[in-house]
Amino acid sequence: MNFEPNEKGYWGEFGGRFVPETLVSALEELTQAYFSFRDDAGFRGEYEALLREFSGRPTPLFYARRLSEELGGAKIYLKREDLNHTGAHKINNCIGQILLAQRMGKRRIIAETGAGQHGVATATVCALFGMECVVYMGSEDMRRQELNVFRMRLLGAEVRAVNTGSRTLKDAINEALRDWVTNVRTTHYLLGSVLGPHPYPLMVRDFQSVIGREAKRQILEKEARLPDYLIACVGGGSNAMGLFYEFLKDEKVKMIGVEAGGKGNQLGEHASRFMNGGRIGILQGTKSYVLQDERGQIATTHSVSAGLDYASIGPEHAFLHDVKRVEYVSVTDSEALHAFSFLSKVEGIIPALESAHAVAYAMKIAPKLTRDQIIVVNLSGRGDKDIATYREFSGI
Amino acid sequence: MTESRIERAFNLLRGSGQKGFIPFITAGDPNLESTLELLLMLAEEGATVIELGIPFSDPMADGVVIQRASDRALRNFFHLEDVFRIVSNFRRRAETPLIFFSYLNPIFQYGFERFCKEAKLSGADGILITDLIPEESDDFISVARKSGLDVIFLAAPTSSDERLKMIAKRSSGFIYAVSRTGVTGMSKNLSQEVKDLVLRIKKLSSLPVAVGFGVSNREQIEDIWQFADAAVVGSAIVKRIEDIGSDSRLVEGVRDFVRGLLRNKR
């Protein structure tokens, strides 16, 4: 099967470029820059050096012995993206895009952020390269992720509160797009997930695919075979695509994307695009599955984790769902919160609430598997930012 | 082929040496009944074409004024069928061309064929979809053409001549030139780059060119009339609707504002 998009950025019927005309020239410029540099030795060398020396890659593939033993089934490995500089996988993509922005001569960077991890990573690379940085963030997310707001400001970024809609990630993207339409000639939009108009879903996936390349090499070193399952949480879906991509053609490797099941099955209570209320639609530049009402108005979403709280999903995931290469499941807020504390206690690793969704699903299936089976869970970020949320929900 | 209502309107203007005025309002703001009255008033005041915005939850190309209008309209929870009913009522009483201004998703969910058929049946003349660029429009255009709807595309100051050619080729009715890089909204000064854009379009197409985004006063309209065929006024009118709100003086208040915009002869 072919897993590459066509030249217009479509995987099957998903993807494309649905934007106001004003942005098209910038998207064409970005596409051209990306394709001319992605195989350029100088560009790759600089990208890889920064991943190594600035972000600390490769990240370990850690055998979670106590977790595996507690669950009494499959061997669970954690891909430790939380050990990246800034504490999540987001920096992989930011390093790639800031190098492109520099080559395109753009000195001003804008970004959206949900949980704040992408905002922090963007602010970090902007500090590193001495660029102006403006991050849009929903005011509800600013409340939930106060620590990351301070981190971004400390790094010299301007954080602009977005008070429209549900005041979360979707609204931050709208505001970033409005800024970009206005300042398109001088500004690069450093989009943080496998979302938006072509070439972003493809480019962000490529910059994140280092996760899967490392994981494959590491598991072959440790186990001399490929894993049986890969599990990753899916908001927009960049950490999941980053892990999955390298394994797509390894047919025996099963892949599971974990969406936010929130607090119920009704529209508005969750962020599971493949569940009740998710239909094919167009949002923020791309065609994919979208949570919406019968009129095509975008639904509000809910998740305890700000990074998964989004009404659409990357178009490549929509394709992988429809061709059944990846299975998508959901995990509720309370299951994720339980996994958050469980992993902290049995492994000494506090996961991001986003990543805790992937851990929670691994905890569900591991006991049903045998001891010689292997699960790799993408631990996409660390959970320091989520302590306040956990306290709010659990009352510790 | 018979002349479309939009073509006829622009031909009449040309024949009399006049320039056009294209007002925009959001359907359902502040409510659907007022929308019908406002449409009829705009026709009476001599609008060349009227743009009727279909509200959307995530209007990424709009500034705050039209965002708020969309929010107000969406709180009135209505369906596209209700908008078509208003347009049918309008069409029974006025001949002014009317086009829909929408984001793609509500139309995609309604179904392209069903939308175009019912839009045409209601008496609408065309549609502009903000987030639909020519490259992505094949499916939609063929359906719209079959129904007899004009499809209007945006042209931007950042569009290359190559893109303008594609836009011109796919457009019918008129071409909508965006006055500046930015979202909809009022501005004090008209950008200089818009004149250059209109002249570039005129070299490539014989279609009428309307200029919009940031046009909010009489001086700007007259400026645009020097080099383009029509001026679009959106946010400034919508702001007036917002300021007056659901009130018996709404239609007359907006009428006064529109008359102020058009005080000088075109």
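Everything below is about the structure shown above.
Reference entry: report on the structure contained in this document. (Residues numbered from 1 in each chain as written. Chains lettered and ligands numbered in written order. Predicted model: local features only at pLDDT ≥ 70, side-chain atom pairs only at ≥ 80, totals over all residues. Heavy atoms only, no water.)

### Structural notes on the overall build of chain A
Each helix and strand counted, chain A has 15 helices and 14 strands in total. The C-alpha atoms of chain A give a radius of gyration of 19 Å, which matches the 21 Å a tight globule of 396 residues would have. Considered along the principal axes of its C-alpha atoms, chain A spans approximately 55 × 45 × 40 Å. Across the 396 residues in chain A, those meeting the buried criterion constitute 66%. Sequence separation of 24 or more characterises 74% of the internal contacts of chain A that already satisfy a separation of 6 or more. Total accessible area computed for chain A in this model is approximately 13300 Å², and 50% of it derives from carbon and sulfur atoms. In chain A, 48 side chains carry a positive charge and 48 a negative one; their mean positions are 1 Å apart. (Helix = DSSP H or I, 4+ residues; strand = E, 2+ residues; numbered from the N terminus. Rg over C-alpha atoms; globule rule 2.2 N^0.38 Å. Buried < 20%, exposed > 50% of the residue type's maximum accessible area, 1.4 Å probe, protein only. Contact = heavy atoms within 4.5 Å. Areas by Shrake-Rupley, 256 points an atom, 1.4 Å probe, with all protein chains shown as cover. Lys, Arg positive; Asp, Glu negative; His and termini not counted. Charge placed at Lys NZ, Arg CZ, Asp CG, Glu CD.)

### A word on the overall build of chain B
Regarding its fold elements, chain B presents 12 helices and 9 strands. Once the C-alpha set of chain B is aligned to its principal axes, its extents read approximately 45 × 40 × 35 Å. Burial analysis of chain B (266 residues in total) assigns 66% to the buried set. Taking as baseline every contact in chain B between residues at least 6 positions apart, the subset at least 24 positions apart corresponds to 72%. Accessible surface, chain B: about 10500 Å² in total, of which carbon and sulfur atoms supply 48%. Charged side chains of chain B number 35 positive and 36 negative; the gap between the two group centres comes to 4 Å.

### Here we look at the sheet that holds strand 6 (residues 132-138) of chain A
Residue and element names in this part refer to chain A. Pairing within the open sheet is parallel, and its 4 strands lie in the order 7-6-5-8. With one partner strand each, in any of the chains shown, strand 7 (158-162) and strand 8 (187-189) form the two edges of the open sheet. Averaged over all adjacent pairs, the angle separating strand axes in this sheet is 25°, with direction ignored. In terms of strand pairing, strand 5 (residues 108-113) meets strand 8 through 3 bridges, oriented parallel. From the neighbouring strand, Arg108 faces strand 8, where its bridge partner is Thr187. Its contacts with the sheet place helix 4 (residues 90-104) against strand 5 and strand 8, and it is angled at close to 155° to strand 8. (Pairing = 2+ DSSP bridges. Axes fitted to C-alpha atoms, helices over the stretch in contact; angles between N-to-C directions.)

### Some details on the nonpolar core
Ranked by size, the top nonpolar core spans 79 residues in total, and within it Leu52, Phe90, Phe100, Phe115, Phe140 and Ile237 of chain B carry the most contacts. If you tally residues by element for this core, the top one is helix 2 (residues 32-44) of chain B, at 8 residues. When residues no more than four places from it in sequence are discounted, the contact partners of Ile237 of chain B are Phe21, Pro23, Phe24, Ile25, Val254, Phe257 and Val258 of chain B. Formed by 68 residues, the second largest nonpolar core is a distinct cluster that contains Ile95, Ala172, Met203 and Ala299 of chain A. (Core = buried A, V, L, I, M, F, W, Y, C linked by side-chain atoms within 4.5 Å.)

### Description of empty space enclosed by the protein
Residues and elements named next belong to chain A. One pass over the structure, following the stated rule, counts 6 cavities of 30 Å³ or more. Each pocket or cavity is described by its volume, and for the largest cavity that value is around 340 Å³. If you go around the largest cavity, you meet 31 residues; those closest to its centre are His89, Lys90, Ala115, Gly307 and Glu354. Those elements that provide at least two residues to the lining of the largest cavity are strand 5, helix 5 (117-129), helix 8 (169-183) and helix 11 (238-244). Its residues assigned to classes, the lining of the largest cavity shows 9 nonpolar, 17 polar and 5 charged. (1 Å grid on protein atoms, 1.4 Å probe; cavity = no way out; pocket = protein on both sides within 12 Å on 5 of 7 lines; lining within 4 Å. Points joined across faces, edges and corners; volume = space filled by probe spheres on them. Nonpolar A, V, L, I, M, F, W, Y, C, P; charged D, E, K, R; others polar.)

### Considering the packing of helix 8 (residues 161-170) of chain B against helix 9 (residues 193-204) of chain B
Residue and element names in this part refer to chain B. Viewed as axis vectors pointing N to C, helix 8 and helix 9 meet at an angle of 60°, and their least axial separation amounts to 10 Å. Considering their axes alone, helix 8 and helix 9 lie oblique with respect to each other. Of the two elements, helix 8 crosses helix 9, and the hand of that crossing is right-handed. Of the residues in helix 9, those touching helix 8 at Asp161, Leu164, Lys165 and Ala168 are Leu197, Arg200, Ile201 and Leu204. In the contact of helix 8 with helix 9, the residues fall into 5 nonpolar, no polar and 3 charged. (Parallel < 35°, antiparallel > 145°, perpendicular 65-115°, else oblique. Left-handed = near helix turned anticlockwise from the far one by under 90°.)

### Brief notes about the sheet that holds strand 1 (residues 20-26) of chain B
All names here are of chain B. Sheet architecture is open: 9 strands sit in the order 5-4-3-2-1-9-8-7-6, paired in parallel fashion. In this open sheet, the two edge strands, each paired with only one partner strand, are strand 5 (150-152) and strand 6 (154-155). Bridge analysis of strand 2 (residues 50-53) against strand 3 (residues 98-102) gives 4 bridges, and the strand direction is parallel. Residue pairing in the sheet places Leu52 in a bridge with Phe100 of strand 3. Along the sheet, helix 9 contacts strand 6, strand 7 (175-178) and strand 8 (209-212); its crossing angle with strand 7, the most-contacted strand, is approximately 150°.

### Focus: the pairing of strand 4 (residues 126-129) of chain B
One face of the sheet, then the other: side chains in a regular strand alternate in exactly this way. All names here are of chain B. Side chains Gly126 and Leu128 of strand 4 all project onto a buried face; the interleaved residues Ile127 and Ile129 project onto the opposite face, where all are buried too. Of the pairings in the sheet, the one linking strand 3 to strand 4 comprises 4 bridges and is parallel in character. The residue bridging Phe101 from the neighbouring strand is Leu128, located in strand 4. Sheet topology note: the strand 4/strand 5 ladder contains 3 bridges and is parallel. Bridged to Gly126 within strand 5 is Asp150.

### Some thoughts on helix 11 (residues 235-244) of chain B
All names here are of chain B. The set of residues buried in helix 11 consists of Ser235, Ala236, Ile237, Val238 and Ile241. On its buried face, helix 11 is in contact with strand 1, helix 2, helix 3 (64-75), strand 9 (230-233) and helix 12 (250-261). Immediately downstream of helix 11, the backbone of Gly245 shows phi near 75°, a positive value.

### Details of the packing of aromatic side chains
All names here are of chain B. Taken as a whole, this structure holds 25 aromatic pairs over all chains when the rule is applied. Here Phe24 and Phe101 contribute two aromatic rings whose centre-to-centre distance is 5.5 Å and whose plane-to-plane angle is 80°, an arrangement assigned as edge-to-face. One end of the pair, Phe24, is in strand 1; the other, Phe101, is in strand 3, with 77 residues separating them in the sequence. Just as Phe24 is buried, Phe101 falls in that class too. Note on Phe108 and Phe112: the rings are 5.9 Å apart at their centroids and 70° apart in plane angle, and the pair reads as edge-to-face. By relative accessible area, which is 22% here, Phe108 ends up partly exposed. You can call Phe112 buried: its relative accessible area is 18%. (Phe/Tyr/Trp six-rings, centres within 6.5 Å; stacked < 30°, edge-to-face > 60°.)

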